[in-house]
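Read off the chains here:
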Amino acid sequence: MARYAAGDVAAFDTLYERHELKLWRYLQRSVRNQATADELMQEVWFAVAREAHRYQPTARFTTWLFTLAHHRLIDAFRAAGRQLQLVEGGAESQQLLEQLPEVASREPLQQTVAGDQARAILDAVGRLPVEQRDTFLMQAEGELSVEEIATATGVSFETAKSRLRYARGKLQEWLQEYV
Amino acid sequence: MKETPSSDESNQGLSERYRQASAADGSRPSDAVRAAIRAEARLQATERAAKPTVLPNAPAANDSHWRLRAVAGLVVVAIGVAVVLQVGRQPASIPPAQPQVQSAARVDNDAASAKTTAPAVTAVPEIAANTARVEASAARIARQPPIEIAADVRDKAETRDKKAAEPAAPSYTAASGAVRASDMAVASAVTGAPVLPPAAQVNFARDSDQLAPGVPEALRDVVVYLKAHDSARAGVTGHYTSSGDAATERDSALRRAAAVQASLVALGVAGSRIEVMQPVQTQGSADRPETRRVEVSVVVP
């Protein structure tokens with residue numbers, strides 16, 4: 001980032017190549033829509049390009065990047081006209097998420113499983129409640145620590161840890177049942 | 001609940017399974033978005049190189065205490081200006097003003113006050129020098145993008161920045177630092193020209209390298225931008241299906257890209273500013289329209 005802020009454009013390209021796909025996957029698996037994910041991806045990286053000269057390495061770049069992305073996701077969900085209730089368990093947020101426009105249709109989990117374990121786990125992640133999925137993806141794609149996830153999402157360490165534990169537990173349960 | 005070694009291994013295995021599945025998925029951002037991001041990075045680097053935008057001790061984009069620093073900076077400036085004004089009555093040595101300025105509007109007011117009293121104190125060289133430093137700081141601050149501190153200060157800063165900057169420049173907060181797609185649309189509507197390098201996608205019918213009616217409209221933003229920015233270049237990339245004979249499909253992609261290139265030239269863009277890129281193979285059968293598309297991206301070197 002420092003090199004890019006000093007004018008080294010190739011440094012931005014390197015940074016982008018290094019983080020492109022994990023950020024993309026985080027966004028795309030959260031909104032499950034190519035066009036929306038494209039727009040969010042562009043917004044986040046535009047912010048990176050514009051704020052490069054003010055970035056200071058007090059936190060990892062990845063943490064900062066995913067914090068920007070998380071905020072954009074929250075804004076996108078709100079812009080869809082829904083009020084997400086960020087509660088543990090997330091049944092209500094799951095219902096609201098399913099009402100979001102352009103959500104890809106999903107077959108029941110058992111029908112996607114046969115001969116396709118990869119598709120099963122991706123499908124299972126898509127079924128998690130919003131905040132648990134968000135936490136899981138930050139860890140799995142961004143490789144953020146629990147503490148970094150708590151900072152990025154604005155919650156306590158224990159809340160972030162609880163969400164991650166719930167997400168993993170649910171995924172294990174679904175995958176054992178259907179795979 | 002304490003994580004046991006076996007549950008740690010289980011979690012690691014789950015994350016690894018997820019990552020393998022995710023990588024195999026093949027999902028990625030569109031080429032148009034990737035091109036736009038790269039173009040924006042170059043544009044921002046060019047603009048920063050053209051003018052200094054970083055203040056000493058400017059708040060970091062990821063600084064969570066920037067508001068506190070902003071208020072502290074205001075207090076320091078106010079004290080500094082008060083000292084300059086007071087010293088006008090006595091010939092004591094004067095400490096230099098501390099230009100840790102965070103608010104353009106407040107400093108403008110303070111600088112204006114200092115200016116009006118300048119004739120009375122210019123007899124003392126140190127005071128004149130300090131006054132000049134404060135005024136220089138105010139002028140430098142006035143060129144900075146607005147920082148969100150208070151509604152009235154923000155409004156004044158935004159008004160001044162709107163006059164100084166390009167009319168189509170979108171606004172954004174320092175904390176988020178992003179331009180919304182809606183901001184871009186508004187800016188474009190105001191000026192009639194795209195604010196940032198646009199991209200376009202042209203779709204072709206199956207087994208065809210002829211342009212459908214209305215394609216020039218799809219390229220309008222690209223053409224307008226190219227005409228408004230002499231250094232901008234267009235890259236034209238044809239896509240082809242991963243099924244069928246690769247060489248034949250690749251040639252079709254090149255012909256489609258050439259058709260789009262010719263269309264750009266017909267719309268007034270110099271051929272030397274258009275580069276046909278190597279065709280890109282896209283997953284999917286020839287039935288899928290994305291395997292017959294041509295992407296046009298704009299790059300500002």
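Residues numbered from 1 in each chain as written. Chains lettered and ligands numbered in written order. Predicted model: local features only at pLDDT ≥ 70, side-chain atom pairs only at ≥ 80, totals over all residues. Heavy atoms only, no water.

Q: Got a minute to help me understand the environment of Ala41 of chain B in this structure?
A: Residue and element names in this part refer to chain B. Mapped onto the secondary structure, Ala41 falls in helix H2 (residues 31–50). The buried category is assigned to Ala41, whose relative accessible area is 0%. Separated by 259 residues in the primary sequence, Ala41 and Val300 place their C-alpha atoms 9.5 Å from one another. (Helix = DSSP H or I, 4+ residues; strand = E, 2+ residues; numbered from the N terminus. Buried < 20%, exposed > 50% of the residue type's maximum accessible area, 1.4 Å probe, protein only.)

Q: Before we go on, may I ask you to explain the pairing of strand E5 (residues 294–299) of chain B in this structure?
A: Strand residues, when the strand is regular, have side chains that alternate between the two faces of the sheet. All names here are of chain B. Burial analysis of E5 places five of its six residues in the buried class, which makes it a mostly covered element. Pairing of strand E1 (residues 199–202) with E5 involves four bridges; the strand directions are antiparallel. Bridge pairing links Val202 to Val294 in E5. Bridge count for strand E2 (residues 233–241) against E5 is six bridges, and the pairing is antiparallel. Across the sheet, Gly235 pairs through a bridge with Ser297, a residue of E5. (Pairing = 2+ DSSP bridges.)

Q: What is the right way to look at the nonpolar core in this model?
A: Grouped burial of nonpolar side chains is what soluble globular proteins tend to show. By size, the foremost hydrophobic cluster in this structure holds 61 residues, and its most contacted members are Leu23, Trp45 and Phe136 of chain A. When residues of this core are assigned to their parent elements, the largest contribution, 10 residues, is made by helix H2 (residues 9–31) of chain A. Once residues within four sequence positions are removed from consideration, Phe136 of chain A is found in contact with Val125, Leu128, Leu164, Ala167, Arg168 and Leu171 of chain A together with Leu14 and Tyr18 of chain B. Ala232, Ala259, Leu264 and Ile274 of chain B belong to the second largest nonpolar core, which has 21 residues in total. (Core = buried A, V, L, I, M, F, W, Y, C linked by side-chain atoms within 4.5 Å. Contact = heavy atoms within 4.5 Å.)

Q: What is the right way to read the pattern of salt bridges from this model?
A: Between side chains of opposite charge, a pair can form when the charged atoms approach closely. This structure, assessed with the given rule, holds 20 salt bridges over all chains. One salt bridge in this structure joins Arg293 of chain B and Asp31 of chain B, with 3.7 Å as the shortest N-O distance. Pair noted here: Arg293 of chain B is in the loop between strand E4 (280–282) and E5 and Asp31 of chain B is in helix H2, with a separation of 262 residues, a long-range link. Given a relative accessible area of 10%, Arg293 of chain B falls into the buried group. The residue Arg255 of chain B makes a salt bridge to Asp209 of chain B at a minimum N-O spacing of 2.8 Å. Of this pair, Arg255 of chain B sits in helix H10 (residues 246–266) while Asp209 of chain B is found in the loop between E1 and helix H8 (215–218), placing the two residues 46 residues apart along the sequence. In this structure Asp209 of chain B comes out as partly exposed when scored by relative accessible area, which is 22%. One network of salt bridges, in which partners are shared, links Asp13 and Glu17 of chain A together with Arg38 and Arg42 of chain B. (Salt bridge = Lys/Arg side-chain N within 4 Å of Asp/Glu carboxyl O.)

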